[in-house]
Amino acid sequence: WCDKECYVETKDILEKIQRLTGIHHHNSEYLQLLRYEPGQKCFVHSDYLQDHVDRPQGARILTLYFYLSDVREGGETYFPKLNNVKVKPKKGRAVLWPSVLPDTILEDERTVHGSYPVLSEDKKYGANAFIHQRNTQIGYAKACL
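Residues numbered from 1 in each chain as written. Predicted model: local features only at pLDDT ≥ 70, side-chain atom pairs only at ≥ 80, totals over all residues. Heavy atoms only, no water.

**Let's talk about the pairing of strand E8 (residues 124-132)**
Stage number 1. When you tally the buried positions in E8, you get eight out of nine residues, the bulk of the element.
Stage number 2. Where strand E3 (residues 60-67) lies against E8, seven bridges are found, and the strand directions are antiparallel. Bridge assignment links Tyr65 to a residue of E8, and that residue is Asn128. (Buried < 20%, exposed > 50% of the residue type's maximum accessible area, 1.4 Å probe, protein only. Helix = DSSP H or I, 4+ residues; strand = E, 2+ residues; numbered from the N terminus. Pairing = 2+ DSSP bridges.)

**Digging into the packing of aromatic side chains**
Stage number 1. Inspection of every chain in the model, using the stated rule, returns three aromatic pairs.
Stage number 2. Centroid distance Tyr78 to Tyr116: 4.1 Å. Interplanar angle 15°. Geometry classified as stacked. Of the two residues, Tyr78 sits in strand E4 (residues 77-79) while Tyr116 sits in the loop between strand E7 (113-115) and E8, which places them 38 residues apart along the sequence.
Stage number 3. Given a relative accessible area of 14%, Tyr78 falls into the buried group.
Stage number 4. Residue classification places Tyr116 among the partly exposed positions, given a relative accessible area of 26%. (Phe/Tyr/Trp six-rings, centres within 6.5 Å; stacked < 30°, edge-to-face > 60°.)

And the structure:
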């Protein structure tokens, strides 16, 4: 997680996310930085966390995933309940999806996702921005996020 000092370094990125989504950057968790070695993958999961609904920051409503490296073969993010849509890792590419159904805080099960194994010798680097209903910074300050 890119927290504390790193958060200051990523504020420009969070402000760009704010311009893209129209949601204040204080509603974003610290960026989650990811590295996949050759052969590694991510199992299918949802970014929705039911136990966040009743917390001060509320539910995760959006995920924005940034690809920070190219991968020649494999490593695609895929959405099995959305006709198995696949996104190939390419540096500079990003994909945005909801974790909740429109105008609700109910989980959008269509956006469960995973990633295929990296098949080349490349390492896959990425970053997740998890965006909540309300300000996450209060929760970080109280250590209750």
